[in-house]
Amino acid sequence: MLAQLEGWVLDLGASLWIYPAMYVFATIDGFFPPIPSESVVITLTVLAHSEGEPWLPGVLALAIAGAWTGDQIAYQIGRVVGTERFGFLRSARGRKAVEWARHALDHRGASFILAARYVPIGRVAVNMTAGAVGYPRRRFMVYSGIAAVTWGIYSMLIGLAAASWLGHNTLLAMAVGVVAGILLGVLVDQVVQRLAGPPRTQPVPADDEDDETDAEPTSRAA
């Protein structure tokens, strides 16, 4: 996957198509994270540092705009559909992320909308959950905008650091930058979950369990 990403960047890096592609990729990543869009920002930053193209401010602006747009789409999906109809949010990791998101939004909504932007599945879970639980839209738009700006700058700084350290080898700098971005995302995920604390559990009342147990033989008999 990393090799495919590098090939895609090298093919389009000098083309004007790289700018709308960056926007579309960052937008899609806001509600469906197949590859973290920060990896694309990092690789394009390394390429711009070594080759002079693409134009870095343009990449940054469109990455930020796409990230914000994707967050709004995720919020709207959560508001209309909820979080239960998506396979990647029904997995063990996805369910854990949604429960964490609910807990975080209840306790520290602003700070966790900002922090979740750095965690691929975490940001989708938080943004969809914000819509599902009716978190105020205007407040969400402001916080997600701040998060998109800081995320774009953070991703670009990782790319610049990798390019400065390994500028003689563009492909190696891309690989190191992407891996560093992924590892930092994992680290942020762990820190944020520790700060949020364990998600609240909602055990099923004993009476409901008894009712379900009693009802099962009846349905079989029918």
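Each chain carries its own residue numbering, running from 1 in the direction its sequence is written. pLDDT decides what is reported in this predicted model: residues at 70 or higher carry local features, side-chain atom pairs at 80 or more are listed and counted, and totals for whole chains, interfaces and linings draw on all residues regardless. Water and hydrogen atoms play no part in the side-chain values, which are based on all heavy atoms of the structure.

Some thoughts on the environment of G152
Working step 1: By the secondary structure assignment, G152 is in helix α8 (residues 137-165).
Working step 2: Through-space distance from the C-alpha of G152 to that of V59 is 9.3 Å; in sequence the pair is 93 residues apart.
Working step 3: Any two residues whose heavy atoms approach within 4.5 Å are treated as being in contact. Residues within four places of G152 in sequence aside, it is in contact with V41, L60 and I64. By the criteria applied, helices consist of DSSP H or I runs no shorter than four residues and strands consist of E runs no shorter than two, each listed in order from the N terminus.

Regarding the packing of helix α4 (residues 56-80) against α8
Working step 1: Lines fitted to the C-alpha atoms define the axes, with helices restricted to the stretch that makes contact. Angles between their N-to-C directions range from 0 to 180 degrees. Two numbers describe how α4 lies on α8: the axes approach to 9 Å, and their chain directions differ by 140°. Compared by their axis directions, α4 and α8 come out oblique. Here α4 runs over α8; the crossing is right-handed. In contact with L56, V59, L60, A63, I64, A67, W68, D71, Q72, Y75, Q76 and R79 of α4, α8 contributes R137, F140, M141, S144, G145, A148, V149, W151, G152, I153, M156 and L160.
Working step 2: Under the scheme applied, nonpolar residues are Ala, Val, Leu, Ile, Met, Phe, Trp, Tyr, Cys and Pro; charged residues are Asp, Glu, Lys and Arg; polar residues are all the others, including Gly. Counted by class, the contact of α4 with α8 contains 16 nonpolar, 5 polar and 3 charged residues. Convention used here: angles under 35 degrees read as roughly parallel, angles over 145 as roughly antiparallel, angles from 65 to 115 as roughly perpendicular, and any remaining angle as oblique. Note on convention: near helix rotated counterclockwise from far helix by under a right angle means a left-handed crossing. Clockwise means right-handed.

Side note on the nonpolar core
Working step 1: By nonpolar core is meant a set of buried Ala, Val, Leu, Ile, Met, Phe, Trp, Tyr and Cys residues that side-chain atoms within 4.5 Å join together. For every residue, the accessible area (1.4 Å probe, protein chains only) is compared with the maximum for its type, and the residue is labelled buried under 20%, exposed over 50%, or partly exposed between those bounds. With 21 residues, the main nonpolar core has M22, V41, L44, V59, A63, W151 and M156 as its most contacted residues.
Working step 2: No other element matches α4, which puts 6 residues into this core.
Working step 3: In terms of nonpolar packing, the next biggest core, distinct from the first, is built from 8 residues, I113, A130, Y135 and F140 among them.

Considerations on the packing of aromatic side chains
Working step 1: Stacked, tilted and edge-to-face are the three classes applied to pairs of Phe, Tyr and Trp rings, where Trp contributes its six-membered ring and a pair requires centres within 6.5 Å; stacked means planes under 30 degrees apart, edge-to-face means over 60, and tilted covers the rest. One pass over the full model with this rule turns up 2 aromatic pairs.
Working step 2: Look at Y118 and Y154: their rings are 4.8 Å apart centre to centre, the planes differ by 85°, and that puts the pair in the edge-to-face class. Pair noted here: Y118 is in the loop between α6 (92-116) and α7 (120-132) and Y154 is in helix α8, with a separation of 36 residues, a long-range link.
Working step 3: Residue classification places Y118 among the buried positions, given a relative accessible area of 15%.

A word on helix α3 (residues 37-51)
It helps to recall that an α-helix has 3.6 residues per turn; residues three or four apart then point in one direction.
Working step 1: In this analysis, the expected span of each helix is defined as 1.5 Å times one less than the number of residues it contains. Helix length check: α3 (15 residues) gives 21 Å between terminal C-alpha atoms against 21 Å at 1.5 Å per residue, within 8%.
Working step 2: In terms of residue burial, α3 counts as a mostly covered element, since 12 of its 15 residues are buried.
Working step 3: Turning to α3, its buried residues number three or more, namely S37, E38, S39, V40, V41, I42, T43, L44, T45, V46, L47 and A48.

Topic: the pattern of salt bridges
Working step 1: Throughout this description, the term salt bridge denotes a Lys or Arg side-chain nitrogen within 4 Å of a carboxyl oxygen of Asp or Glu. Enumeration according to the criterion identifies 3 salt bridges in this entry.
Working step 2: One salt bridge connects D29 with R123, and the closest N-O pair in it is separated by 2.4 Å. In this pair, D29 sits in helix α2 (residues 18-29) while R123 sits in helix α7, placing the two residues 94 residues apart along the sequence. Pair check on accessibility: D29 and R123 agree, each one buried.

Section: a nonpolar patch on the surface
Working step 1: A cluster of nonpolar side chains, contributed by V24, I28 and F32, occupies part of the molecular surface with about 250 Å² of accessible area.
Working step 2: Take V24: it is sitting in helix α2. Without a salt bridge and with relative accessible area above 30%, a residue can belong to a patch; like charges are then joined within 9 Å and nonpolar side chains (Val, Leu, Ile, Met, Phe, Trp, Tyr) within 5 Å. Each accessible area is a Shrake-Rupley result for a 1.4 Å probe, and residues are judged covered by the shown protein chains and nothing else.

Comments concerning the packing of α3 against α8
Working step 1: For the pair α3 and α8, interaxial distance at closest approach is 8 Å and the crossing angle is 45°. Considering the angle they form, α3 stands oblique to α8. In this structure, α3 crosses over α8, and the sense of that crossing is right-handed. Residue-level contacts link S37, E38, V41, I42, T45, V46 and H49 of α3 to W151, G152, S155, M156, I158, G159, L160, A162, A163 and S164 of α8.

Remarks on the environment of V81
Working step 1: By the element assignment, V81 lies in the loop between α4 and α5 (87-90).
Working step 2: For V81, a relative accessible area of 34% translates into the label partly exposed.
Working step 3: When the C-alpha atoms of V81 and A132 are compared, they prove to be 7.7 Å apart, with 51 residues separating the residues in sequence.

Notes on the confidence of the model for the chain
Working step 1: Every residue is assigned a pLDDT by the predictor, reflecting its confidence on a scale from 0 to 100. With 61% of its residues at a pLDDT of 70 or more, the chain shows a mean pLDDT of 75.
Working step 2: Per-residue pLDDT, averaged within each element of the chain, yields its smallest value for helix α10 (residues 206-221) (42) and its largest for α4 (93).
Working step 3: Low pLDDT, under 50, characterises residues 199-222; the predicted model gives this stretch 7 contacts beyond four residues in sequence or across chains.

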